[in-house]
Structure formats: structure tokens, C-alpha cells
Amino acid sequence: MKDFKLGKPALVCRWRLFNGELPLQNRHLRALSMRAIAGQKVSPPLVAWVKQHLEWGLQVASAEHPDGVLMLVVDEEGASALSLGPYLELKKRTANDLLRRAREAREEALKTGVAPEELWVCRGDCLVRSSSSEFASSGASSLVVDLAHTMGMPVKRDEDLLQKMSSKGLGDLGEEAFLVSDEHGVVPASDRGGQRGQKFAQSYQKLLTRNWRRPR
């Protein structure tokens with residue numbers, strides 16, 4: 001392995017761990033299988049390779065950072081590597097900060113087919129997500145969609161939401177805004193938060209800790 005070299009990254013995934021486990025493993029792997037590298041869908045052998053490493057070695061490998069971040073990097077030639085590091089809490093959380101992150105993720109989605117982070121807004125009794133229907137859902141977004149359905153809240157897509165917010169601000173586009181991220185979970189905007197965004201953040205956290213935290 002000393003001669004192994006990774007080329008220019010074409011795909012990067014950052015997945016949050018909880019007590020040495022990857023709680024949304026099946027969702028993340030499903031989203032990975034929908035991603036693309038240089039216009040080609042991620043190959044089943046790559047997905048199988050990642051799954052094998054998760055099932056065989058994650059508990060041991062994550063001993064130093066059991067609540068850290070697992071990063072998968074795949075280069076333009078298809079070579080891949082997994083690495084683990086500490087989780088760094090997202091400090092900048094205003095609606096504009098979350099908007100910038102969502103715009104960067106949209107640029108990634110245009111190349112890979114999946115946005116690792118999405119901006120969501122609450123509009124009346126409806127949730128509106130910023131992704132286009134042409135993009136597959138990330139692991140975290142697929143969970144939030146299911147949580148919304150459980151709560152009886154309809155979910156719609158508005159692929160122009162980010163552009164509208166860039167030119168007009170949140171304004172009447174929604175009462176609340178929050179980011180849905182594979183790395184950070186559900187992050188309500190510090191200046192446009194509210195009860196519904198907080199409820200999603202709490203439900204997300206409770207689901208993870210209830211189903212996945214094990215005694216050390």
C-alpha cells in the first residue's frame with residue numbers, strides 16, 4: 001500500500017458516525033450507488049467494497065473517533081480510499097451560510113447526481129426542498145423525507161429555490177430554513193429557525209441515538 005496514490009478526487013462522501021457505527025449505512029450506500037463519476041454510475045463492485053469495509057472493520061477503525069466522520073474519496077480513475085477523522089460542528093448557521101453550502105452541494109450534484117447537503121424551507125404546512133427531481137436523494141435527505149411523511153407533512157421540490165433566495169433572501173419563500181446534511185444532520189438556520197425545524201433536528205437525533213447507540 002505504500003505505493004498507493006489517489007488521483008484528483010471525482011467523488012467525496014462525508015458520513016457522520018455514532019458510537020463507531022454508521023447509522024444511515026443502507027441509505028448512504030443506496031445514494032452512493034446512484035452517484036456518478038465522469039458521467040458513469042458508481043460501479044456495484046465499488047459499493048460492495050465500501051460495504052465490506054463498513055461491516056468488517058469500522059468498529060475497530062473508528063476507535064479513536066467513534067463519533068467522527070467517515071470520508072470516502074474516489075478519484076477520476078476509480079481508485080478509492082476510506083479515512084476517519086473527528087467531527088467538527090458547523091459553526092456558521094445563518095440562512096445565508098446554509099444557502100452557500102447548499103449552492104456548493106448543488107454544483108456537486110450537477111456532476112455526481114446527488115447533493116450531499118440540501119436547503120429545506122417550511123412553507124405553511126408543507127416542506128420544500130431545494131433539489132431538482134433529476135437528482136437522487138442523499139442518505140440524510142431520504143431519512144428526512146420519511147420523517148416528514150410520518151409527521152403528515154407533504155414534501156415538494158423547488159429546483160429554483162436557491163436562486164430565488166440568492167436574489168430575494170428567504171422573504172416569503174418560507175417561514176423557516178434548515179440544512180439537511182449527510183455530515184451534520186438537520187441544521188436549523190440560526191436566524192430563521194423555528195419549532196418545525198427544531199422538531200426535525202430532534203427527531204433525527206433521537207432516531208440515531210435510540211436505534212444505534214450501543215453501550216461502550
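See the structure above.
Residues numbered from 1 in each chain as written. Predicted model: local features only at pLDDT ≥ 70, side-chain atom pairs only at ≥ 80, totals over all residues. Heavy atoms only, no water.

A closer look at the nonpolar core
Taken as a class, soluble globular proteins show a tendency for nonpolar side chains to be buried jointly. Trp-120, Leu-127, Phe-178, Val-186 and Phe-200 are the most contacted members of the largest nonpolar core, which totals 20 residues. Counting only elements with at least two residues in this core, the list comes to strand S6 (117-123), helix H4 (139-150), strand S9 (176-181) and helix H6 (195-212). It is H4 that contributes the most residues to this core, 6 residues altogether. Not counting the four nearest positions on each side in its chain, Phe-200 is found in contact with Leu-127, Val-144, Leu-147, Ala-148, Met-151, Met-153, Phe-178 and Val-186. Of all hydrophobic cores here, the second largest spans 17 residues; its members include Trp-15, Leu-46, Val-47 and Val-50. (Core = buried A, V, L, I, M, F, W, Y, C linked by side-chain atoms within 4.5 Å. Buried < 20%, exposed > 50% of the residue type's maximum accessible area, 1.4 Å probe, protein only. Helix = DSSP H or I, 4+ residues; strand = E, 2+ residues; numbered from the N terminus. Contact = heavy atoms within 4.5 Å.)

Quick word on the sheet that holds strand S1 (residues 9-16)
On the basis of which strands lie adjacent, the open sheet formed by 3 strands has the order S1-S4-S5 and antiparallel pairing. Across the chains shown, the open sheet's two edge strands, defined by having one partner strand only, are S1 and strand S5 (80-85). Averaged over all pairs of adjacent strands, the angle between their axes in this sheet comes to 15°, without regard to strand direction. Taken together, the 7 bridges between S1 and strand S4 (residues 69-75) define a ladder with antiparallel strand orientation. Bridge pairing links Arg-16 to Val-69 in S4. Running over the sheet, helix H2 (residues 44-61) touches S1, S4 and S5 and is turned about 30° from S5. (Pairing = 2+ DSSP bridges. Axes fitted to C-alpha atoms, helices over the stretch in contact; angles between N-to-C directions.)

Quick notes on the layout of surface pockets
Its boundaries defined by the atoms lining it, the largest pocket holds a volume of some 260 Å³. Looking at the largest pocket, the residues that line it are Val-12, Cys-13, Arg-14, Arg-101, Glu-104, Ala-105, Glu-108, Pro-116, Glu-117, Ser-181, Asp-182 and Glu-183. Only S1 and helix H3 (95-112) provide two or more residues apiece to the lining of the largest pocket. Classifying every residue of the lining of the largest pocket gives 4 nonpolar, 1 polar and 7 charged. (1 Å grid on protein atoms, 1.4 Å probe; cavity = no way out; pocket = protein on both sides within 12 Å on 5 of 7 lines; lining within 4 Å. Points joined across faces, edges and corners; volume = space filled by probe spheres on them. Nonpolar A, V, L, I, M, F, W, Y, C, P; charged D, E, K, R; others polar.)

Points about the packing of aromatic side chains
Per the counting criterion, the structure on display carries 2 aromatic pairs. Note on Trp-120 and Phe-178: the rings are 6.1 Å apart at their centroids and 20° apart in plane angle, and the pair reads as stacked. Note that Trp-120 is positioned in strand S6 and Phe-178 in strand S9, a separation of 58 residues in sequence. Like Trp-120, the residue Phe-178 is buried in the burial classification. Residues Phe-178 and Phe-200 carry aromatic rings whose centres are separated by 5.8 Å and whose planes lie at 25° to one another, so their mutual orientation is stacked. Note that Phe-178 is positioned in strand S9 and Phe-200 in helix H6, a separation of 22 residues in sequence. Residue classification places Phe-178 among the buried positions, given a relative accessible area of 0%. Ring pairing ties together the aromatic residues Trp-120, Phe-178 and Phe-200, which thus form one cluster. Note that Arg-16 overlies the ring of Tyr-87, its terminal NZ or CZ placed 3.6 Å from the centroid. (Phe/Tyr/Trp six-rings, centres within 6.5 Å; stacked < 30°, edge-to-face > 60°. Lys NZ or Arg CZ within 6 Å of the ring centre and 35° of its normal.)

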